[in-house]
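Per-entry structural report
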Protein chains: 2
Amino acid sequence: MQLRNQVEWALHCCGLLAGLPEGRRLSTKSLADFHGVPKEYLSKALQALSTAGIVEGSLGPAGGYRLAKPPSAVSFLDIVEAVEGRRRTFACTEIRRNNPCRATDTCDMAPCTIARVMWEADEAWRERLRATTLADLAAMLGAEIPAETLRKVAAWVGARS
Amino acid sequence: MQLRNQVEWALHCCGLLAGLPEGRRLSTKSLADFHGVPKEYLSKALQALSTAGIVEGSLGPAGGYRLAKPPSAVSFLDIVEAVEGRRRTFACTEIRRNNPCRATDTCDMAPCTIARVMWEADEAWRERLRATTLADLAAMLGAEIPAETLRKVAAWVGARS
DNA sequence: GAATTAATACTCGGATATACACTGTCCGAGTTCATCGGG
DNA sequence: CCCGATGAACTCGGACAGTGTATATCCGAGTATTAATTC
């Protein structure tokens, strides 16, 4: 029960894209180089983000990705769900139906009690992820990363976009 | 990113064990029959619960499992962690270290900003699961399940323990 | 110099390979209880 | 009637196979930009 690697990559990529100057783009290759991950596989995650409308890609040379919305409109949950899917953490297979003591004519009642508790926990998780946006992330990163490094990153990105 | 089937089974089994009369036990076979799942595989989940000190098994005929603690002392989180392990949902692989602009002598700082947010969400999930115990579950089940069915289950369990 | 053509760099989607975790089954070893036989 | 031996029922733990998912790589098709060529 662990999130995919791609979720981590997608979040870091979005963090970088959030700091991109207006009108600029970063190619899959640049993003892959920056994070030290395989280009083709990262591409799958970016495609998922693109399908979800979080980033938008353009073809041809000087093509690449940029955010499709302002950073404040993209939450962590959006990114996680785009890559990981929207299935719930807990899947109820309704094993209570196998209960030999259960009346056969019991019409399908409310969801299984156990599933309800698990789903509430799931919702708490989602709620927390919904509460943080890329704008928040950018602010936190700006406060934590040394100014020297930030400058270098800006220069690196500028040369590649 | 989904919890195992065994988690669902373990929760249902604990729910049943919580209603067991003092001193009685239920065998793996009975629990498997009741829920309509394969005995040998369910056994793995019960072993995990046993290792975690949530249930205790006894050998020999008339052997089987019972709760090792009062129902109010066992939370959903205990059960989930026993079966699923305690790994966090999000694994940070520190890809920020691959950042080409990062000073090589940067001593390991605080955990990655992104990982911190993900871990806070994880903690919210755990917190919710910690808040519900088997005693709560028993109360909810008692209120939701038809009295007729409850009687039948009690009889079924009584004949098998 | 303008228009057209060719080359290039990139994204996108599909096909494929590999490793690992989940699911499920099987069996032998060890333990406890009930039953049976001998004293 | 009592005690030990035998057998049955059960758990425990390991071994093993099948399946699905995550990870990763590769390649061809399509597209937009740039460069080159032609008029």
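Residues numbered from 1 in each chain as written. Chains lettered and ligands numbered in written order. Predicted model: local features only at pLDDT ≥ 70, side-chain atom pairs only at ≥ 80, totals over all residues. Heavy atoms only, no water.

**A closer look at the relation of the copies chain B and chain A**
The condition that has to hold: A least-squares fit on C-alpha atoms brings the copies together, and the residues used are those whose pLDDT is at least 70 in both copies. Contacts are assigned to residue pairs that have any heavy atoms within 4.5 Å of one another.
You can overlay chain B on chain A at an RMSD of 0.0 Å; the transform is a turn of 180° with a shift of 0.0 Å along its axis. Both chain copies can therefore be described as sitting about a two-fold axis. Looking at chain B, 98% of its interface residues are interface residues in chain A too, so the copies touch through the same face.

**Some thoughts on the pattern of salt bridges**
The line we're drawing: By definition, a salt bridge exists where a carboxyl oxygen of Asp or Glu is found within 4 Å of a side-chain nitrogen of Lys or Arg.
Scanning the entire structure with this criterion turns up 27 salt bridges over all chains. Arg96 of chain B is the partner of Glu94 of chain B in a salt bridge, and the nearest nitrogen-oxygen pair spans 2.7 Å. One salt-bridge network, in which partners are shared between bridges, spans Glu81, Arg86, Asp122 and Arg126 of chain A.

**So, the packing of aromatic side chains**
Note the following rule: Two rings from Phe, Tyr or Trp (for Trp, the six-membered ring) form a pair when their centres are within 6.5 Å of each other. A pair whose planes differ by under 30 degrees is stacked, one over 60 is edge-to-face, and the rest are tilted. Strands are runs of DSSP state E lasting at least two residues, helices are runs of H or I lasting at least four, and both sets are numbered from the N terminus onward. Any Lys NZ or Arg CZ that is within 6 Å of a ring centre and within 35 degrees of that ring's normal is treated as a charge sitting over the ring.
Applying the stated criterion across every chain yields a total of four aromatic pairs over all chains. Pairing Trp9 of chain A with Tyr41 of chain A gives two aromatic rings, centres 5.5 Å apart and planes at 85°, and the pair type is edge-to-face. One end of the pair, Trp9 of chain A, is in helix α1 (residues 5-18); the other, Tyr41 of chain A, is in helix α3 (residues 39-51), with 32 residues separating them in the sequence. A cation over an aromatic ring shows up here: Arg88 of chain B above the ring of Trp119 of chain B, its NZ or CZ 3.8 Å from the ring centre.

**Comments concerning helix α3 (residues 39-51) of chain B**
Residue and element names in this part refer to chain B. Let me state the cut-off plainly: An expected span of 1.5 Å times one less than the residue number is assigned to each helix. Burial here depends on accessible area, computed with a 1.4 Å probe over protein chains only, as a share of the maximum for the residue type. Under 20% is buried, over 50% is exposed, and the range in between is partly exposed. When we speak of the arc, we mean the arc of directions from the helix axis to the C-beta atoms.
Here α3 contains 13 residues, and its C-alpha end-to-end distance of 18 Å stays within 8% of the 18 Å for a straight helix at 1.5 Å per residue. Within the sequence span of α3, burial applies to Leu42, Ser43, Ala45, Leu46 and Leu49. Down the axis of α3, the smallest arc covering the buried residues is 165°, so these residues share one side. Across from the buried face of α3, at angles greater than 90 degrees, the exposed residues are Glu40 and Thr51. If you follow the buried residues of α3, they end up packed against α1 (5-18), α2 (28-35), β1 (55-58), β2 (64-67) and α4 (76-84). One or two steps after α3, the chain reaches Gly53, where phi turns positive at roughly 80°.

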